[in-house]
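Coordinate inspection notes
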Amino acid sequence: MAKKPRTPPPPRRVQAPQRREPKRGERRAAARRDWLATRYVFSAAGVALIAIAAVLFFVLRNDDSGGGGTTADTTRSLGQILATVGCKLQTFKAGGRTHLAAGAPEPKYNSFPPTSGPHDPTPALWNYYTTPVPEIQAVHNLEHGGIVINWGSKVAQAQVDQIHSLWEDSPNAMLVFPLPQLGNKIALTAWTHLAACTRFGDTAFRAFRDKYRGKGPERFPVAALTPGT
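Residues numbered from 1 in each chain as written. Predicted model: local features only at pLDDT ≥ 70, side-chain atom pairs only at ≥ 80, totals over all residues. Heavy atoms only, no water.

What follows concerns the state of the cysteines. This structure, assessed with the given rule, holds one disulfide. At a sulfur-sulfur separation of 2.0 Å, the disulfide partner of Cys87 is Cys197. With the S-S bond torsion at 110°, the cross-link from Cys87 to Cys197 turns out right-handed. Taken together, the residues span a long stretch of sequence, with Cys87 in the loop between α2 (78-83) and β1 (88-91) and Cys197 in strand β6 (residues 193-197) at a distance of 110 residues. (Disulfide = S-S within 2.5 Å. Helix = DSSP H or I, 4+ residues; strand = E, 2+ residues; numbered from the N terminus.)

In structure tokens, the structure reads:
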């Protein structure tokens, strides 16, 4: 008697690989790795922003466009630059801006030459003069943002010529005239600021001019304050 064919057994079910859940310690380690990576990214971005800010600060700090010209020395303060030519820089309290009546006596100012205070209602014409200009008028020029340069009767002619060359180089908003009472001193004045100097110094004088010109309480465009106006 022939044997009946045997029916093969059904295939065994293959189970999908089981996904193992990470243990608590492994989860903490992974979270810490993610946190450190994020912190590194933000730290790197912060360093880059600080570097950009530092570059911008340096550029803006050395951009002196308010006074018409730039100063070569940007690492020292104005007082230090002026001190190299025997200048003493002082700042005084503003003495008011009253316009005096015609014929009124000159008031007592808190500095010599004066840097602020009551003054003639008409400023002097911007220019270089070989004879003194009334201080009561010059103070009005300071109020408009001008720079005044004076020299005493004992200042050598060679230094007076250098002052004239400085004025010629950039005469706008500049009032320059002798003041015999200064003796052997040269004085630079702006509104509330005075530098009394023992000698001329081109870099130092330009630094004072560029720092304060056009910065008076009544600000006129420096370009409009031309000689003869």
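So, next bit.
On to the confidence of the model for the chain. The predicted structure's coordinates, where accompanied by low pLDDT, should not be read in detail. When pLDDT is averaged along the chain, the result is 82; 67% of the residues meet or exceed 70. Counted against residues more than four places away or in other chains, residues 55-72, with its pLDDT under 50, gives 20 contacts. (pLDDT = per-residue confidence, 0-100. Contact = heavy atoms within 4.5 Å.)

What follows deals with the nonpolar core. Within the largest apolar cluster, 27 residues are counted, with the highest numbers of intra-cluster contacts made by Leu82, Ile149, Trp151, Ile186, Leu188, Phe205 and Phe208. In contact with Trp151, not counting residues within four places along its chain, are Tyr128, Tyr129, Val160, Ile163, Val176, Phe177, Pro178, Leu179, Pro180, Leu182, Lys185 and Ile186. One finds Tyr109, Val133, Ala173 and Leu175 within the second-largest nonpolar core, a separate group that totals 16 residues. (Core = buried A, V, L, I, M, F, W, Y, C linked by side-chain atoms within 4.5 Å. Buried < 20%, exposed > 50% of the residue type's maximum accessible area, 1.4 Å probe, protein only.)

Time to look at unusual backbone geometry. Of the consecutive residues Phe112 and Pro113, the connecting peptide bond is found in the cis state with omega at -10°. One can find Pro113 in the loop between β1 and β2 (127-128). Here Ala173, not a glycine, exhibits a phi torsion of approximately 55°, which is positive. With respect to the element layout, Ala173 can be found in the loop between α4 (157-169) and β4 (174-178). Even without glycine at this site, Thr192 takes up a positive phi of about 75°. With respect to the helices and strands, the residue Thr192 is situated in the loop between β5 (186-190) and β6. Given a relative accessible area of 11%, Thr192 falls into the buried group.

Tallied over the full model, the rule gives four aromatic pairs. Residues Tyr128 and Trp151 carry aromatic rings whose centres are separated by 5.8 Å and whose planes lie at 20° to one another, so their mutual orientation is stacked. Note that Tyr128 is positioned in strand β2 and Trp151 in strand β3 (residues 147-151), a separation of 23 residues in sequence. Comparing Tyr128 with Trp151, the two get one shared label, buried. Members of the aromatic cluster, connected to one another through ring pairs, are Tyr128, Trp151 and Trp167. (Phe/Tyr/Trp six-rings, centres within 6.5 Å; stacked < 30°, edge-to-face > 60°.)

The six strands are arranged β1-β6-β5-β3-β4-β2 in an open sheet whose pairing can be described as mixed. The open sheet has two free edges, formed respectively by β1 and β2, since each of these has just one partner strand. Two elements, β3 and β4, share five bridges in a ladder whose sense is parallel. Residue Val148 lies in a different strand from β4, and its bridge partner there is Leu175. Helix-sheet contacts for helix α3 (residues 135-143) involve β3, β4 and β5, and the interaxial angle to β4 is about 155°. (Pairing = 2+ DSSP bridges. Axes fitted to C-alpha atoms, helices over the stretch in contact; angles between N-to-C directions.)

Take helix α5 (residues 202-212) next. When we look at burial in α5, the residues that qualify are Ala204, Phe205, Ala207, Phe208, Arg209, Asp210 and Tyr212. Immediately downstream of α5, the backbone of Gly214 shows phi near 80°, a positive value.

Scanning all chains against the criterion turns up five salt bridges. One salt bridge in this structure joins Asp169 and Arg206, with 2.7 Å as the shortest N-O distance. Placement of Asp169 in helix α4 and of Arg206 in helix α5 is noted, with a sequence separation of 37 residues between them. On the basis of relative accessibility, which here comes to 47%, the residue Asp169 falls in the partly exposed class. (Salt bridge = Lys/Arg side-chain N within 4 Å of Asp/Glu carboxyl O.)

Among the nine residues in α3, eight count as buried, and that is most of the element. Inspection of α3 places Glu135, Ile136, Ala138, Val139, His140, Asn141, Leu142 and Glu143 among the buried residues, and these make up the whole buried set. Of the surrounding secondary structure, the elements contacted by the buried residues of α3 are β3, β4 and β5. One or two positions beyond α3, positive phi appears at Gly145, with a value near 95°.

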